[in-house]
Amino acid sequence: MNMDIVLGLQWGDEGKGKFIDLISEDYDITARFNGGANAGHSIERNGKRITLKSLPSGIFMNGVQNVIGTGTVLDPVSFRKEILNLQQFDGAVQPEKNLIISRKAHLVLPTYRLLDIFMEENPDYTTIGTTRNGIAQAYSNKILRQNLRVGDIESADFKSRVEHILERDYRMLAGGDMIFPSLEEIRNEFFDAIDFLKKFIRTETEIFLNKALSDGKRILAEGSQAAMLDIDHGTYPYVTSSSTTAAGASSGLGISPKKVGEIFGIAKAYCTRVGNGMFPTEIFDELGEEIRNRGNEFGSNTGRPRRIGWLDLPALRYAIMINGVTQVILTKADVLSGIESVAVCTHYELEDGRNEMISGNLPENAIPALKLMKGWEGDISMINDASDLPAELKDFLSFLNQELGVPVTYLSTGPGRDQILKIKELELVK
Ligand code: GDP
Ligand code: IMO
Ligand code: MG
């Protein structure tokens, strides 16, 4: 058996959570491999909506095991809030039974959030526009080999090691003019959350996952963030601190690349980005505002307005290439319904010629070449059969298939679970 992967191809918030919630019923295990509480994966169930942060999106499925893998960073305080919120949302979920946490996942200590804010607001550092969850601080301490991991919570000196780090961080924070809670307060809250974390299964998830594959179980790896936010391949320094790619899934879960099957890449029919950094197809006029409102493009995690841009094919081609995407899932086409002409960036004009694929390093003077396509009309969110889609949208999909070299196999037409069309059957390539 192989592991399939779902990942974002743009700057995050492509609709990964919705798609995973839907297809997770075909899997035995869903597993998060990167990131932490910076993610916000929204899922609609029975007309209600929840945003998952650290939890895998298969958590609602009875019989699906959910893994928080080794490549992730776990904030126990945020985790406790998330679990309590989940149980309020759906009394039937049983995370004590169907959630397994890697003992090697790294912990986010409470001072990391404070240091994240400190760095974001301090002119000595580049302001990234982070989600302020202490993600970079956890990953940097991991790389420095100074961090604590989930497995450490059982060790006799865990408390003293935590206290040491908190006190050290407080000395650094005291150098700024930020107002922050007392050490006593955050320490107590953290240790309470650690007691809560002890109720959950913690194990060597690599062994669990590889054994599951050998036993014929199906695994779905769930990416957080997206290709253009990848620490190596994204628009550095305006990126997150983890590996968001298919290779990150292998490394973060300890599963050989040889065992990877389908790689589902999720992309919106336009682009959004929260936080700072390059966004060459950004729309600054009132049309951008309109798309933001129609698409409810406000961060699921932070509530920040998302920046809006046209679909960027050079960036998408790059994301497809570095991930080896086998199928593209296009979301939010319904949001563009009624817009007279929809633009797509086909390539960039650079001083030395045309560029059809961009990595995170696009020169500032690059000009996006936009192709205008006739927009589609009507409420497509109620369509049940892909052949009933408006002709203009079919043309748009055909064009993408040609340009991307990878088929668009699903079209998401709304936030609800049923609002998705399988479009394999359509003869889209002209
Ligand atoms: P994720 O981080 O990739 O899981 O995406 P988010 O949940 O942060 O953001 C996607 C938002 O779009 C959520 O509010 C979803 O409910 C919503 N959504 C997902 N797919 C569609 C779609 O096809 N159409 C519309 N209108 N909304 C969608
Ligand atoms: P999901 O999984 C969109 C962005 C932040 C910021 C940069 C670094 O919901 O798609 P960080 O807190 O990670 O240090 O912030 O990355 N960012 C996201 N943007 N969706 C996300 O996750 C994101 N996670 C981080 O806005 O620009
Ligand atoms: Mg999100």
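What you see is a predicted model, and the numbers here were worked out from it, not measured in a lab.

Colleague: Would you take a moment to explain the overall build of the protein chain for this structure?
Modeller: When its secondary structure is counted, the protein chain shows 12 helices and 20 strands. A globule of 430 residues ought to have a C-alpha radius of gyration of about 22 Å, and the protein chain, at 22 Å, matches this closely. For the protein chain, the C-alpha atoms occupy an extent of roughly 65 × 50 × 40 Å along the three principal directions. In the protein chain, buried positions account for 58% of the 430 residues. Once local pairs closer than 6 in sequence are excluded, the contacts in the protein chain between residues at least 24 apart make up 76%. Of the roughly 17,900 Å² of accessible surface on the protein chain, a fraction of 49% belongs to carbon and sulfur atoms.

Colleague: How do you make sense of the coordination of the magnesium ion (ligand 3) when you look at a structure like this?
Modeller: By definition of the ideal shapes, four donors in a tetrahedron about a metal sit 109.5 degrees apart, and six donors in an octahedron sit 90 or 180 degrees apart. Asp-13 (OD) and Gly-40 (O) make up the full set of protein donors to the magnesium ion (ligand 3), lying at 2.0 to 2.2 Å. Of this pair, Asp-13 sits in the loop between β1 (3-8) and α1 (16-23) while Gly-40 sits in the loop between β2 (29-32) and β3 (41-45), placing them 27 residues apart in sequence. According to the relative accessible area criterion, Asp-13 is partly exposed, its value standing at 23%. Accessibility expressed as a relative area gives 11% for Gly-40, which makes it buried.

Colleague: Help me understand the sheet that holds strand β9 (residues 201-203), please; the structure alone is not making it clear to me.
Modeller: The strands making up a sheet are joined through hydrogen bonds of the backbone, oriented either antiparallel or parallel. Reading across the sheet, the 10 strands line up as β9-β7-β5-β2-β10-β1-β11-β15-β19-β20 and stay open at both edges, with mixed pairing between neighbours. Single-partner strands in this sheet number two, and they are β9 and β20 (420-422). Along the sheet, successive strands turn relative to each other by an average axial angle of 25°, direction set aside. Here β1 pairs with strand β10 (residues 219-222) via 4 bridges, running parallel. Bridge pairing in β10 links Met-3 to Ile-219. Sheet contacts for helix α9 (residues 246-253): β1, β2, β10 and β11 (260-268); angle to β1, the most-contacted strand, approximately 125°.

Colleague: What am I meant to see in the environment of Ile-165 here?
Modeller: Structurally, Ile-165 is set in helix α6 (residues 158-173). For the pair Ile-165 and Leu-109, spaced 56 residues apart in sequence, the C-alpha separation works out to 8.5 Å. Ignoring anything within four residues of it in the chain, the contact list for Ile-165 reads Leu-109, Tyr-112, Gln-146 and Leu-148.

Colleague: Hey, could you run me through the pairing of strand β4 (residues 48-52) in this one?
Modeller: Consecutive side chains of a regular strand alternate in pointing toward one face of the sheet and then the other. In terms of strand pairing, β3 meets β4 through 5 bridges, oriented antiparallel. Looking at the pairing, Ser-42 lines up with Thr-51 of β4. Between the end of β3 and the start of β4, which pair antiparallel, lie 2 residues, with Asn-46 showing a positive phi angle near 50°.

Colleague: Please clarify how the site of ligand 1 should be interpreted in this entry.
Modeller: Taken together, 20 residues are adjacent to ligand 1, and Lys-16, Gly-40, Ser-300, Asp-334 and Ser-412 come closest. Lys-16 places a main-chain nitrogen or oxygen 2.7 Å from an oxygen atom of ligand 1. Here an oxygen atom of ligand 1 and a side-chain polar atom of Arg-306 are 3.5 Å apart. Of all the secondary-structure elements, those providing two or more residues to the shell around ligand 1 are α1 and β3. In terms of residue count, the dominant contributor to the shell around ligand 1 is α1 (3 residues).

Colleague: Would you explain the site of ligand 2 in this entry?
Modeller: What surrounds ligand 2 is a group of 20 residues, the closest being Lys-16, His-41, Thr-131, Gln-225 and Thr-240. A distance of 2.7 Å separates an oxygen atom of ligand 2 from a polar atom in the side chain of Lys-16. Within the complex, 98% of the 540 Å² of free accessible area of ligand 2 lies under protein. Its residues assigned to classes, the shell around ligand 2 comprises 6 nonpolar, 11 polar and 3 charged.

Colleague: Which parts of the structure should I look at to understand α9?
Modeller: Residues spaced three or four apart along an α-helix face the same direction, because each turn holds 3.6 residues. A large share of α9 lies buried, amounting to 6 of its 8 residues. Contacts made by the buried residues of α9 are with β1, β2, α8 (205-214), β10, β11 and α11 (313-323). Positive phi appears at Gly-254, one or two residues downstream of α9, with a value of about 75°.

Colleague: Sorry, what's going on with the pattern of salt bridges here?
Modeller: Once their charged atoms are close, side chains differing in charge can pair, the charge on each being opposite to the other. Applying the stated criterion to the full structure yields 24 salt bridges. Where Asp-75 meets Arg-113, a salt bridge forms, and the shortest distance between an N and an O atom there is 3.0 Å. Residue Asp-75 is found in the loop between β6 (73-74) and α2 (76-89), and its partner Arg-113 is found in helix α4 (residues 110-121); the two are separated by 38 residues along the sequence. With its nearest N and O atoms 3.0 Å apart, the salt bridge here joins Arg-294 to Glu-290. With a gap of 4 residues between them, Arg-294 and Glu-290 both fall in helix α10 (residues 286-294), about one helical turn apart. Taking the relative accessible area as the measure of exposure, Glu-290 reaches 36% and is therefore partly exposed. Connected through shared salt-bridge partners, Arg-103, Lys-104, Glu-154, Arg-202, Glu-204 and Glu-206 make up one network.

Colleague: Is there a simple way to explain the packing of α6 against helix α7 (residues 183-197) in this structure?
Modeller: Angle between the axes and distance between the axes are the two parameters that describe a pair of packed helices. Contact geometry of α6 with α7 gives a least axis separation of 11 Å together with a crossing angle of 145°. In this structure, α6 crosses over α7, and the sense of that crossing is right-handed. Residues Phe-158, Lys-159, Val-162, Glu-163, Leu-166, Glu-167 and Tyr-170 of α6 form the contact with α7, whose own contacting residues are Leu-183, Ile-186, Arg-187, Phe-190, Phe-191 and Ile-194. Partitioned by chemical class, the residues of the contact of α6 with α7 number 9 nonpolar, no polar and 4 charged.

Definitions and limits used
- Residues numbered from 1 in each chain as written.
- Chains lettered and ligands numbered in written order.
- Predicted model: local features only at pLDDT ≥ 70, side-chain atom pairs only at ≥ 80, totals over all residues.
- Heavy atoms only, no water.
- Helix = DSSP H or I, 4+ residues; strand = E, 2+ residues; numbered from the N terminus.
- Rg over C-alpha atoms; globule rule 2.2 N^0.38 Å.
- Buried < 20%, exposed > 50% of the residue type's maximum accessible area, 1.4 Å probe, protein only.
- Contact = heavy atoms within 4.5 Å.
- Areas by Shrake-Rupley, 256 points an atom, 1.4 Å probe, with all protein chains shown as cover.
- Donors = N, O, S within 2.8 Å, 3.2 Å for Na, K, Ca; no water.
- Pairing = 2+ DSSP bridges.
- Axes fitted to C-alpha atoms, helices over the stretch in contact; angles between N-to-C directions.
- Near = heavy atom within 4 Å.
- Polar contact = N/O pair within 3.5 Å; in protein donor to acceptor, adjacent residues only side chain to side chain.
- Nonpolar A, V, L, I, M, F, W, Y, C, P; charged D, E, K, R; others polar.
- Salt bridge = Lys/Arg side-chain N within 4 Å of Asp/Glu carboxyl O.
- Left-handed = near helix turned anticlockwise from the far one by under 90°.

Treat this as a map of the structure, not an account of what it does.
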